[in-house]
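# Summary of the model geometry
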Amino acid sequence: MSAPLATVAEPIAALEPSKISCRDTAALALTVVRDGVITGEGPTTKGRVHFSRELDADDAAWCARILTATAVEHQPVSRAEAEALFEINDAAAERSDNGRFDDLLAKAVVHHAASVSGLPVPSRTVALSPETAIESWAPAKSAGVDTEVLNWIASQMRGKRRSNRTLMSLVATIVGVAALPLTTLPNVFDIGM
């Protein structure tokens, strides 16, 4: 009887920002949010009406709290965290968050891409804040941006039913049409959007 209680308690504890000890536990906590978005049930939906496949303002707030937990605030967003955010994005068929999650997703992915490329990034609290314009800190040109991470972003965005216009325009700005070989352009963006 104690085993089921432990499995219920673990996801709840994993969500608390004070329990996040590293980027791996932050990515794990984001998967709990994803599961709540998919099912409409779980620790992220307690005490409120939540439909399956819907992402609301509370879900976006959970993601923001997880990503800005004290233990990870001064570390760049990891690939695992960014992938978890893409999974949440894919899981949500309906949105009622006033664009907060799309803003968070774009900023987190660019934070990851810039840091992997060796470019300076502000703390997560600054970079991921809804009050901070992404253009104020994100790279504005392709010089120094890692090609592999740009290909990874393109692969995450390719063929998705819901696109993130902020992220797409930023990647287009960073990469620049002139910086890419003409043969790779169709692979970066789904032209038929």
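Presented here is a report on the structure given in the accompanying data block. (Residues numbered from 1 in each chain as written. Predicted model: local features only at pLDDT ≥ 70, side-chain atom pairs only at ≥ 80, totals over all residues. Heavy atoms only, no water.)

What follows concerns helix H2 (residues 23-39). In this model, H2 (17 residues) spans 25 Å end to end at C-alpha, consistent with the 24 Å of a helix rising 1.5 Å per residue. Within the sequence span of H2, burial applies to Ala-26, Ala-27, Ala-29, Leu-30, Val-32, Val-33, Arg-34, Gly-36 and Val-37. Trailing H2 by a residue or two, Gly-40 shows a phi angle of about 80°, which is positive. (Helix = DSSP H or I, 4+ residues; strand = E, 2+ residues; numbered from the N terminus. Expected span 1.5 Å × (residues − 1). Buried < 20%, exposed > 50% of the residue type's maximum accessible area, 1.4 Å probe, protein only.)

We now examine the environment of Gly-42. Here Gly-42 lies in the loop between H2 and strand E1 (54-56). According to the relative accessible area criterion, Gly-42 is partly exposed, its value standing at 23%. Put simply, Gly-42 and Val-32 are ten residues apart on the chain and 8.0 Å apart in space, counted from C-alpha to C-alpha.

Once that is clear, we can look at the packing of aromatic side chains. For the structure shown, the criterion picks out one aromatic pair. Looking at Arg-65, its charged tip hangs above the ring of Trp-62, at a distance of 4.4 Å from the centre. A cation over a ring is seen here: Arg-79 above Trp-152, with NZ or CZ 4.3 Å from the ring centre. (Phe/Tyr/Trp six-rings, centres within 6.5 Å; stacked < 30°, edge-to-face > 60°. Lys NZ or Arg CZ within 6 Å of the ring centre and 35° of its normal.)

As a further point, take the nonpolar core. Counting residues in hydrophobic clusters, the biggest one holds 39 residues, and the most contacted among them are Leu-30, Val-33, Cys-63, Ile-66, Leu-85, Ile-88 and Phe-101. Dropping the residues within four chain positions of it, Ile-88 is found in contact with Leu-30, Val-33, Arg-34, Val-37, Leu-55, Cys-63 and Phe-101. Among the nonpolar cores identified, the runner-up in size contains six residues, and Ala-106, Val-110, Ala-127 and Ile-134 belong to it. (Core = buried A, V, L, I, M, F, W, Y, C linked by side-chain atoms within 4.5 Å. Contact = heavy atoms within 4.5 Å.)

With their axes 9 Å apart at the nearest point, helix H3 (residues 57-67) and helix H5 (residues 100-116) run at an angle of 30° to one another. Taken together, the axes of H3 and H5 are roughly parallel relative to one another. The two elements H3 and H5 cross, and the hand of that crossing is left-handed. Along its contact with H3, which presents Ala-60, Cys-63, Ala-64 and Leu-67, the element H5 presents Arg-100, Phe-101, Leu-104 and Ala-108. (Axes fitted to C-alpha atoms, helices over the stretch in contact; angles between N-to-C directions. Parallel < 35°, antiparallel > 145°, perpendicular 65-115°, else oblique. Left-handed = near helix turned anticlockwise from the far one by under 90°.)

Here the focus is the environment of Leu-67. Mapped onto the secondary structure, Leu-67 falls in helix H3. Considered as a pair, Leu-67 and Leu-128 are 61 residues apart in the sequence and their alpha carbons are 8.4 Å apart. Among all residues touching Leu-67, those that are not within four sequence positions of it are Leu-30, Val-72, Glu-81, Leu-85, Leu-104, Ala-108, Arg-124 and Leu-128.

Looking now at unusual backbone geometry. Residues other than glycine predominantly adopt negative phi, and peptide bonds predominantly adopt the trans conformation. Phi at Arg-53 is positive, roughly 65°, even though this residue is not glycine. Within the element layout of this structure, Arg-53 appears in the loop between H2 and E1. Residue classification places Arg-53 among the partly exposed positions, given a relative accessible area of 35%. A positive phi angle is found at Asn-98, which is not glycine, with a value near 55°. On the basis of relative accessible area, Asn-98 is assigned to the exposed category, the value being 82%.

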